[in-house]
Amino acid sequence: MLKYIGKRLVLAILTLWVVITVTFFLMHAIPGNPFAKEGTMPQGVYENLQRYYNLDKPLHVQYVMYLKALMRLDFGPSLKSSVITVNDYIKNGFPVSLHLGLQALAIALTFGLILGVIAALNHNKWPDYVSMIVAIVGISVPSFILATVLINFVAVEWKLLPVATWKTWKHTVLPSISLAMMPTAYIARLMRSSMLEVLGQDYIKTAKAKGLSQSVIVIKHAIRNAILPVVTVMGIVTANLVTGSFVIERIFGIPGMGEMFVKGIFNRDYPVILGSAVFYSGILIFLIFIVDISYSFIDPRIKLTGGGK
Amino acid sequence: MKKRLLASLLGAVMLLSVGMTGCGQKATENTGTAQQTAEQTAATPKILRLNNQSEPGSLHPGKAQGTHDSWLIEHVMEGLTKKSPEGKVVEGMATAWTVSEDGTVYTFTLRDGVKWSNGDPMVAKDFEIAWKYLLNPKTASEYAYQCYYLANGEAFNASTETDDAKLKELEDAVGVKALDEKTLEVRLEAPTPYFLELLSFYTYYPVNHKVQEANPDWANDASTYVSNGPFIFTEWKHKESMKIVKNEEYYDKDKVKLNEIHFAMIEDENTAWQMYRNDELDMAYPLPQDVTAQLSAQKDPEFVIGAELATYFYRFNTTKKPFNNVNVRRALSMTIDRKTIVESVAQGGQTPAYTLTPYGIADVSGDFTQNTGELFKYDPTEAQKLLAQGLQEEGMDKMPNFVILYNTSEGHKKIAEAIQEMWRKDLGIQVTLENVEFQIKLDREDKLDFEVARSGWVGDYVDPMTFLDMFESTSQQNDTGWVNAEYDALIRAAKANLDLASRSQQLHDAEKILMSEMPIAPIYFYTAPYTLKPYVKDSYKPINRYTQFQYADIVK
Amino acid sequence: MDPKIKLSPELFQPYYDNDKDAEKISRPSISYWVDAWRRLKQNKLAMIGLVIIAILLILAIIGPYLNGFTYYEQDFSKKNLPPNMEHWFGTDSAGRDLFTRAWYGARISLFIGIMAATFDFIMGIIYGGFSGLKGGRIDTFMMRVAEILYSVPYLLMVILLMVVFGAGLWTMILAMTITGWIPMARLVRGQVLQLKEQEYVQAAHTMGAGSWWILKKHLIPNTMGPILVNITLTVPTAIFAEATLSFLGLGIPAPMASWGTMTSDALAAFLIGNVYQLFIPAFLISLTMFGFNVLGDGLRDALDPRLRK
């Protein structure tokens, strides 16, 4: 196991390096320029800015400089702010996005799993249909619409919660729900279908025949065997949730890190693009690693290390 | 059995949600109590709640660029001159000035007894250091060109000199000098009729030279921020909020009625509007387009149409056939029903534009654009003839399909769709719309890789020149491929002209050429529609700034 | 066997004539798919789903011609009208007929949704199935490649695609599938990792079945549940992704409409009380999702060999 973890760590660094390299050259390949704007910018001003941020150097020199700085965990300055660096962006934004993301994740997992299990146990009966309707609404109504509708009714019309900003726990309710809707529906559907698959297996029938109680069968045998697809998708879903949603953070005025991924690119803010890519990649690699490891705990038969045969 | 299962699952839910709210409270405890105390004392102090939209890139007057940076700075700093609510240039930090006969040397006498917020007296050197810092190529200020009016300003800023001694020489040559503690001498590159107006702009604000020399990063944190204006900057939560409080040392403090101004940072227009409705903000700007239309139609008492110094226009690429033909360009422009666009599409009280320079700029007498009048008309019948004539001149029998390029935005899309329909109905032309990301649009305009492109321009200063010199053939902003020697000559002459009357005539003549050649089709003059709570009194909206609240009051 | 025992063919003649038919199949052989279709037809809900989808498709084809309006003609004297006899779905802020626009939008949105789902399905199954089945180094390598692709900022890739290929329907579908298949591939791979250790797969291996055979005959049918859930989820995601890509100029050019852009454009209209402008496209998307989901559920039940009756 330790050897496996070590191997994955080496691979992780390699993966990160490839991500940085690809992103670096990709972002310089697309048209645009961080200092472009409607109107004039005298050549002198433009060149000063290029020099100031070392953008006048050849690309490969900039690339090496970036990698060297990254070794010291320095993500560089933001070209759009002389106040906060990319490190600050992450340091200030990530805890907020993480908080919101975890809350949404808790909602999604709880309700998703419950809805899914109940639906499967009542296959083609009304709880199944209710769960499906909830899931369909969750899938078909994207977060930005749900957020807008929730703000309009819950906050403005009924005055139950504040509209936006990030202050007390009350401010976190609407964004968490908006963010959780889609994964809730996804998990519910996935869990239902996977549970149905498992409930038809012979060992469940055997367990029933042996007179085990329904709850023992469901919890010990069915859920454990059915949860694998949910665990699989949780890797990517969690990575996306905890690194912040641009749309939700924008609508609710939340100072998370979601905007880095979008505004960085629209502003051609090169260090922000790279910083967000590296950070996201790190989180994703870590979570996927956790998912892979957890496979062996959920189903000890799964072998990751050896050849499959 | 099923019941037991449900019960255990529910138990899990409750555990999870308790843990959740628990950690939610913990994480926000501090800000929560701070909020409460603020709310408790809110009964007495007058607190105005504004929305700055996004995080400022810098609050240093020398590095600030754009309204997200400048709105707060304008409330905490003051330059040599300032703009009165009536739009006049009045004394600010300078109480008197003289101008040399050739219009290039200004001598300012500073106000007595002005103190910085850290207690230091304000001296003439604060201006000298501020402007030289701004122009220093190592500062890499994006707005440095605003100080190119100073003698040798551009030479210093554009220098690639690496030798410190030589750079210092260039710096010393810049036309700003503190003659003594209270006297500042400013030499200009060329006479500039609107220089006093420019001085009220934030680029020309002073900085405390002692603080600047001791800690160049002083503007990065509220605790080290030093200012000289009606308010003091006290709190900056990045990407969340900013707070300024009244400066009790300000020379005009009796006129300042507000105790605090809070700036939120809500980028989404819909959300800001909902917060305004929910009494979480006192002002909403900018408004969603549909909301503007509704408020305007209902004549809502809280709805204000603020003046703006900006023009919305379409560029023609005059290097591409058949847009090289003036008759074709005129025909297209004359088929745009600007009245319908303003009243049914944009719906924010904009004015249809039949010339480039917007209203609100003083001429020798009266308003510059009033004096210009409308330089062409909406006339589809005439346009059909012009189009036929133009196409014949180009040896084409029918107008080819072409593309309108615009940067993605709901508003630009609606206008492009309306114009597409007008051209289709009245001229029988098939037009395709293409929206791209802003950066790509700029790139393609720069390379003249378009046929017709949507554009807009906000005046840098209150003078027709900021609009008209865009279309000099040498201008980087031309982006139409249009070259006209007569136009260039008029603009050049006006730039060096000291006589206001003949200068104005030259600008009027230039504008006539521009509108008869029509390399651009002006569409409308922007406005700044916003909503303001009725209890906020005495704010004012300068033509080229955001609404100002220095002397505002809250009367509930 | 003792070679001394003499065996002659006569010894193997059936004793009774009747026994001749014992190994004959009396009814025509019903293949897996025919049987699945037969069982699908018995599922009422699934049939409702099928009918809904069929109606939506038919209306997408003929809907734009039903009431004599075009999707582009503006009439500012009739803007923002709620649904009425003349304009069945009302009009938008430029006075255009929403019924015509909605069905025009259906063509684009349904096409994109179905294409994206198909590509994700094919790519996901091949890549994920192969990776999971081979396991070991190949699996590690393939999953790291997927991680890299998923970590490189998506918007960057899309902008580059647009610069290289220009805007257009196929560029858009390419942009959607370029990373869209990854969650599907990970899901399939996770399921395959689990299933390939099951006894029946190992039995197939022992009997000399090839990898593709096992994947096709054993693994994919048994993981169809989660796959179908994922496919049905891809459709709305693609419909809204189109709206997002429209922002980059990659979508269909205005004034053409799609459900995604109609929904996002109607957000401000919702704020001023023109709820129908938001409701209509959102409802059509939900209806599509309902159709696909119940059909998907029915398919899952029909394809599950254990539920065979």
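All of these numbers come straight from a predicted model, not from anything done at the bench.

Rules used throughout
Residues numbered from 1 in each chain as written. Chains lettered and ligands numbered in written order. Predicted model: local features only at pLDDT ≥ 70, side-chain atom pairs only at ≥ 80, totals over all residues. Heavy atoms only, no water. Helix = DSSP H or I, 4+ residues; strand = E, 2+ residues; numbered from the N terminus. Rg over C-alpha atoms; globule rule 2.2 N^0.38 Å. Buried < 20%, exposed > 50% of the residue type's maximum accessible area, 1.4 Å probe, protein only. Contact = heavy atoms within 4.5 Å. Areas by Shrake-Rupley, 256 points an atom, 1.4 Å probe, with all protein chains shown as cover. Pairing = 2+ DSSP bridges. Axes fitted to C-alpha atoms, helices over the stretch in contact; angles between N-to-C directions. Buried area = accessible area lost by both parts, 1.4 Å probe. Salt bridge = Lys/Arg side-chain N within 4 Å of Asp/Glu carboxyl O. Polar contact = N/O pair within 3.5 Å; in protein donor to acceptor, adjacent residues only side chain to side chain. Nonpolar A, V, L, I, M, F, W, Y, C, P; charged D, E, K, R; others polar. Domains from an automatic or database assignment.

Participant: In this structure, what is going on with the overall build of chain B? I would like to understand it.
Facilitator: Within chain B one finds 18 helices and 21 strands. Radius of gyration (C-alpha) of chain B: 27 Å, near the 24 Å computed for a compact globule of 556 residues. Along the three orthogonal principal directions, the C-alpha set of chain B runs to about 90 × 75 × 50 Å. The proportion of buried residues among the 556 residues of chain B is 59%. Here the contacts in chain B between residues at least 6 apart in sequence split such that 68% fall between residues at least 24 apart. Only carbon and sulfur atoms are counted for the fraction: they give 50% of the accessible area of chain B, which is about 21,900 Å².

Participant: Where do I start with the sheet that holds strand β5 (residues 105–110) of chain B in this structure?
Facilitator: Think of a sheet as strands paired side by side through backbone hydrogen bonds, with each pair either parallel or antiparallel. Residue and element names in this part refer to chain B. The strand order β4-β5-β7-β6 describes an open sheet built from four strands, whose pairing is antiparallel. In the strand order of this sheet, the two ends are held by β4 (94–99) and β6 (176–180), each with one partner. Neighbour to neighbour, the strand axes of the sheet diverge by 20 degrees on average, direction disregarded. Across four bridges, the pairing between β6 and strand β7 (residues 183–187) is antiparallel. If you follow K177 over to β7, its bridge partner there is E185. Relative to the sheet, helix α3 (residues 125–135) contacts β5, β6 and β7, its axis offset from that of β6 by approximately 165 degrees.

Participant: Quick question: what am I supposed to make of the interface of chain C and chain A here?
Facilitator: In this assembly, 62 residues from chain C lie in contact with 69 residues from chain A. Buried area between chain C and chain A, both sides added, is near 5,800 Å², and the carbon and sulfur share of it is 68%. The interface formed by chain C and chain A includes four salt bridges. For C:R189, the salt bridge goes to A:D292, with nearest N and O atoms at 2.9 Å. Inspection of the region where chain C meets chain A yields seven residue pairs in polar contact (both at pLDDT 80 or more). Residue composition of the side of chain C that touches chain A, by class: 32 nonpolar, 18 polar and 12 charged.

Participant: Sorry if this is basic, but what is going on with the interface of chain A and chain B here?
Facilitator: Often, the extent of an interface is quoted as the loss of accessible area upon association of its parts. Taken together, the contact pairs 66 residues of chain A with 67 residues of chain B. Area buried by chain A at its contact with chain B is led by A:E38, A:V83 and A:K167, which between them contribute 12% of it. At the junction of chain A and chain B, the tally comes to six salt bridges. Linking B:K239 and A:E259 is a salt bridge whose minimum nitrogen-to-oxygen distance equals 3.2 Å.

Participant: Can you walk me through unusual backbone geometry in this structure?
Facilitator: Both trends apply: most residues other than glycine have a negative phi, and most peptide bonds are in trans. The omega torsion across B:K321 and B:P322 is -5 degrees, close enough to zero to call that bond cis. The topology assignment puts B:P322 in the loop between β13 (310–316) and α10 (326–334). With omega at 5 degrees, the peptide bond leading from C:A254 into C:P255 counts as cis. Along the chain, the position of C:P255 falls in the loop between α9 (224–247) and α10 (259–265). We note that A:T165 has phi near 80 degrees; this positive angle belongs to a residue other than glycine. With respect to the element layout, A:T165 can be found in the loop between α6 (143–157) and α7 (170–199). Here B:D479, not a glycine, exhibits a phi torsion of approximately 45 degrees, which is positive.

Participant: Which parts of the structure should I look at to understand the domain arrangement of chain B?
Facilitator: Residue and element names in this part refer to chain B. Taken as a whole, chain B is organised into domain 1 (24–33 + 45–54 + 230–302 + 532–554), domain 2 (67–220) and domain 3 (310–525). Relative to domain 2, the C-alpha centre of domain 1 lies at a distance of 28 Å. With 28 residues of domain 1 at the contact, the number on the domain 2 side is 22 residues. Carbon and sulfur atoms supply 57% of the area buried between domain 1 and domain 2, which totals about 2,300 Å² over both sides. Among the residues of domain 1 in contact with domain 2, Y251, R545 and Y546 are the three that bury the most area, contributing 29% of the side total. In this structure, the connection of domain 1 to domain 2 is made through one salt bridge.

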